[in-house]
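# An overview of the molecular structure
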Amino acid sequence: YHKSTTDIMGKQKRNKSKRGSKQNSNKTALSASSATSSANEEKGASTIVSKIRHGDPRVRHAALVALSSTLFHSSSLSAAALQKERQQKQNHVRVSAKTNKPVVDASDETLLRALSERILDVDIPCATAATGCLSNYVSFYCIGDAEESSPEVEVASEVMVPILFQRIQRSLDKITSLGSQIESSIASKVGETANAALAAGAAGSSAIDKMFAFNTEQWILVSLSLNTLAGLIENFPSAVERVSAASLSTLCAVLPLVEKSFQLTKNGMEESNSDCILDASSNASRAIHSLLDDNIAIITSLQPIPLTHIVTELTNTITNAKMPHMTRLHASGALVSLRKVLVLDEELKSARGREYDAVVAAVQTCTDGTVIDLLSNLFESGDKNHDPKQLVLRMIELSNKCQSMKQDEMMESQIMSEVNARKEPARMIARRQKELKESKKTKAENEDMKEAMMFEDKDGVKKAEETESQLDDVKDELDGVVKSWRELIGSYKLALELVANLCSGREDQDDDIEDVMYPDDDEHMWDSDDEAKLVSAANAAGACSMEMTCSPSERVTFSSMSSKHLLARIISFFRSWVEFVSMLKDDVPALVAEDVDELLSTCALCLGNMVACDLSSLNEPSLKKVIMVGGQEKPVTDGLDMFWWELIAAMSSDVSDGPKAHVTSVMLALLRHQPKARTIVNSAVLDLLLALITQQYNAEGGANNVQMKCNAISMIGLLCSEPHPSEVNARVCSALLERLRSPLSSTSDDNDADSEKARQSLVIMHEILDVLMDMYGGDDSHDDVFGQQDILGHFQRCLPGFKRRVKKTVANSTREELDTWNETALNCSRFIKYKKG
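As the structure is a computational prediction, the values presented were derived from the model and not from experiment.

Reading guide: rules and limits
- Residues numbered from 1 in each chain as written.
- Predicted model: local features only at pLDDT ≥ 70, side-chain atom pairs only at ≥ 80, totals over all residues.
- Heavy atoms only, no water.
- Helix = DSSP H or I, 4+ residues; strand = E, 2+ residues; numbered from the N terminus.
- Buried < 20%, exposed > 50% of the residue type's maximum accessible area, 1.4 Å probe, protein only.
- Contact = heavy atoms within 4.5 Å.
- Areas by Shrake-Rupley, 256 points an atom, 1.4 Å probe, with all protein chains shown as cover.
- 1 Å grid on protein atoms, 1.4 Å probe; cavity = no way out; pocket = protein on both sides within 12 Å on 5 of 7 lines; lining within 4 Å.
- Points joined across faces, edges and corners; volume = space filled by probe spheres on them.
- Nonpolar A, V, L, I, M, F, W, Y, C, P; charged D, E, K, R; others polar.
- Axes fitted to C-alpha atoms, helices over the stretch in contact; angles between N-to-C directions.
- Parallel < 35°, antiparallel > 145°, perpendicular 65-115°, else oblique.
- Left-handed = near helix turned anticlockwise from the far one by under 90°.
- Expected span 1.5 Å × (residues − 1).
- Phe/Tyr/Trp six-rings, centres within 6.5 Å; stacked < 30°, edge-to-face > 60°.
- Lys NZ or Arg CZ within 6 Å of the ring centre and 35° of its normal.
- Pairing = 2+ DSSP bridges.
- Polar contact = N/O pair within 3.5 Å; in protein donor to acceptor, adjacent residues only side chain to side chain.
- Salt bridge = Lys/Arg side-chain N within 4 Å of Asp/Glu carboxyl O.

When helices and strands are tallied, the protein shows 33 helices and two strands. Relative to its full complement of 837 residues, the protein shows a buried share of 47%. For the protein, restricting intrachain contacts to residue pairs at least 6 apart in sequence, the fraction spanning at least 24 positions comes to 79%. Roughly 42100 Å² of accessible area belongs to the protein as shown, and the carbon and sulfur atoms make up 51% of that amount.

What follows is the structure in structure tokens.
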């Protein structure tokens, strides 16, 4: 399940010469090689482009098909994207004279323009092949991080987007026309008498079949065009600027036509061709969702009538159970994007006229009713067509079978190669059967043996062909299983993102809290009054995030979520996926492990947003009365109680550091945004958190292990902000200092193997230092424990090493991380001065 990679070098850069003539001669040779490479690239691109633009459609089609299976194949583009990403992480790339750079690059401007032209090719197979190449390009090459002034961005926004809309409109017109013809043909065929039907024979059916074939071709082309367009919108801000309100109406026109064509295929007994129609519906709703997401300009440009039409089409799509999950979820996402601007933006509310009131009310009603119903049902019953566990088990079974067949095929191929190389098939075959008892054979016996050999060779060729055919069937089935798995995970992730967006509130204020941080000078002393300001600001932030200054519309939405038990269903969903990989008890494919980790990360973010809202379900009686925690029943009362112990139960199960890191993220969010949850924590949970902090660093867990420890440290800090006895304070302090002395191991960690290990140790040290300063920064903060544990001495000994690590990790840390760590170092210096008096 790992994608193959190919080294593709990028643009060559020359360094200024600082040495003698010998280096200059090397530079000249390199420049000559670069010039030759550039000339070869231009020649190769010119040859391909000339074939793509050839007058004969057969030549065009052959060239496009060749591109789709080579340069624009998903594996080739993924490898090129990986190589490009590696290059972007470096300031410059040194390229030797012997470079593996391909003759033509997928991002070649001339080639992209030629492919874009072919989207409108009158020959539909050519147009489909060209659009397929570009669809792979935007899906796998990840070109959205290119500079806005680069040629590829210009081609994407200025050329591809307008052409794709033309292609979609033309195909929709053709599909509408074909649909009318098919309906007429089917109706006339149904109305024929038996004698007339016999007289017409197969001619009428053949004509209908041809029309269905043409219809399928157009839908495949529409689906690819929409997928390409969605990718451009998601990757290029400049592409979004090329889309007008009229273009948005074109996209919305796809949805009702999908319903009509899908019904037509059922009436015409052509259900096998309906997949491309449903794919087109998913890609259309995805393109609409991507276009409306945070796009205030296009939403505010919509007049009441077209806006009402769009909302109606989206609502009809969401309520249509025949549509795929992804289609309905993306339509829901588009509606949520409209709600964010039309319903929640107070400034726009006051600026627009009363003629928008009806459509705004329709958006809010659909969100609170239809959308939340869809999300709640999805998390309650899941995808009834696919069981994730069975999909993975079938994936493993088919993968093993495929590998076994490949090994057998390689073995047979090797034997045949040896036979052909020695040109002694008769002897080889004879040896495999049995030793000849007689030393001499007659001529007739030899002829008989040769004839038998010929039959055996023919049987071998036939068997090889059958094996290859069987292998292809297994690969096709495996691809189908992987596709179903990806669609299942994709639908869950999208649904969680929608819930997270519904709970994110308005983003009209980035930072309302007064800046109480210090100026950048070491002379400013840490002061208890400043500490009080920080604590006050933190408490205000928690209260603000909890209440979120909810508008009446948001409160109605949150009430709907509570009435549909959305929070309880998502936490149960989260726990089931936390235990999913360990439940399989098999070597899980890397693809599955990565997808599950991404799903858990998205779910943790969603739950974090939900607990920050004022959801009434947290204070209402729990749906469950008891929860099994570590094999014992734990009684629960309200929603908050149930939520917390579901998380503790997940932590108590036998899972790896990855899932535990996501669980602790949700626990931290709950303690931060719901202070009442801190009273639920008992001594057993405290022991669990301290064990997470002090347990030895697990290198296999890597970043997940570090994140889990940091979450546990932050939770301890929140719990210690509440009144607690000195004995508990001493235990907590001892655990934190133990981890501070050796952030990544049970022994001294001064000799870090590499900068990444130093970065991870910094992450842990930063959390510990922040928590310790919060715990002991006030006037009355367990001073006895502070002195007994020699916390001041630990700070004085730790700070120089912390600063050294910051310098060591400059190359592989973000600017935000470096700023945070430098600020922590500065605060530590002030803290030391303050405590020393």
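For P743, the location among the structural elements is in the loop between α29 (726-741) and α30 (755-776). Separated by 14 residues in sequence, P743 and K757 have C-alpha atoms that sit 9.9 Å apart.

Taken as a whole and assessed by the stated rule, the structure comprises two cavities of 30 Å³ or more. Forming the walls of the largest cavity are I175, T176, G179, S180, E183, L257, K260, S261 and L264. Looking at the lining of the largest cavity, the elements that each hand over two or more residues are α6 (151-191) and α10 (245-267). Grouping the amino acids of the lining of the largest cavity by side-chain chemistry returns three nonpolar, four polar and two charged.

Where α29 meets α30, the axes come as close as 10 Å, and the angle between the chain directions of the two elements is 150°. Of the possible angle classes, the one that applies to α29 and α30 is roughly antiparallel. Between α29 and α30 lies a crossing of left-handed hand. Along the contact surface, α29 presents N729, V732, C733, L736, L737, R739 and L740, while α30 presents I764, M765, I768, L769, V771, L772, M775 and Y776.

The next subject is helix α5 (residues 124-140). For α5, which comprises 17 residues, the first-to-last C-alpha distance of 24 Å matches the rise-based estimate of 24 Å (1.5 Å per residue) to within 8%. Taken across its 17 residues, α5 has 13 buried, putting it largely inside the fold.

On to the environment of T176, then. With respect to the secondary-structure elements, T176 resides in helix α6. Between the C-alpha atom of T176 and that of N215, which follows or precedes it by 39 residues, the distance is 9.2 Å.

Tallying each qualifying case throughout the model produces twelve aromatic pairs. Between Y492 and F573, the ring centres sit 4.9 Å apart and the planes meet at 65°, which makes this aromatic pair edge-to-face. Of this pair, Y492 sits in helix α19 (residues 443-502) while F573 sits in helix α22 (residues 566-578); the two residues are 81 residues apart in sequence, bridging distant segments of the chain. Residue Y492 is classed as buried on the basis of its relative accessible area of 6%. Look at F573 and you get buried, because its relative accessible area is 7%. Their ring planes at 35° and their centres at 4.6 Å tell us that W577 and F580 sit as a pair that is tilted. Neither W577 nor F580 differs from the other in exposure class; each is buried. An aromatic cluster is defined as three or more aromatic residues linked by ring pairs; in this entry it consists of F379, W485, Y492, F573, W577 and F580. Geometry around F786 places K835 over its ring, the cationic atom sitting 4.7 Å from the centre.

Bridge analysis of strand β1 (residues 626-629) against strand β2 (residues 632-635) gives four bridges, and the strand direction is antiparallel. Paired with V629 across the bridge in β2 is Q632. The hairpin formed by β1 and β2 contains two residues between the paired strands, and G630 there has a positive phi angle of roughly 60°.

With respect to the helices and strands, T228 occurs in helix α8 (residues 202-235). Its relative accessible area of 1% is what places T228 among the buried residues. There is a polar contact of 2.8 Å between the side chain of T228 and the backbone oxygen of L224. Not counting residues up to four positions away in its chain, the partners in contact with T228 are T131, L134, S135, V138 and L164.

Turning to unusual backbone geometry, a few remarks are in order. Outside of glycine, negative phi angles account for most residues, and trans bonds account for most peptide bonds. Unlike most non-glycine residues, D294 shows phi in positive territory, near 55°. Tracing the sequence through the fold places D294 in the loop between α11 (275-292) and α12 (296-301). In this model, D790 sits at a positive phi of 55°, which is unusual for a non-glycine residue. Position of D790 among the secondary structure elements: in the loop between α31 (783-788) and α32 (791-808). Residue D790 is classed as partly exposed on the basis of its relative accessible area, which comes to 35%.

It is worth spelling out the pattern of salt bridges at this point. Any two side chains of opposite charge can pair if their charged atoms end up close together. Scanning the model with the defined rule gives 25 salt bridges in all. Across the pair E154 and R113 runs a salt bridge, and its minimum N-O distance is 3.7 Å. Taken as a pair, E154 in helix α6 and R113 in helix α4 (residues 109-118) lie far apart in primary sequence, 41 residues in all. Note that R118 is salt-bridged to D121, the shortest N-O span being 2.7 Å. The same class applies to R118 and to D121, which are both buried. Residues joined in a network through salt bridges with shared partners are R575, E579, K624 and E646.

Spatial relationships are all this shows, so hold off on functional conclusions.
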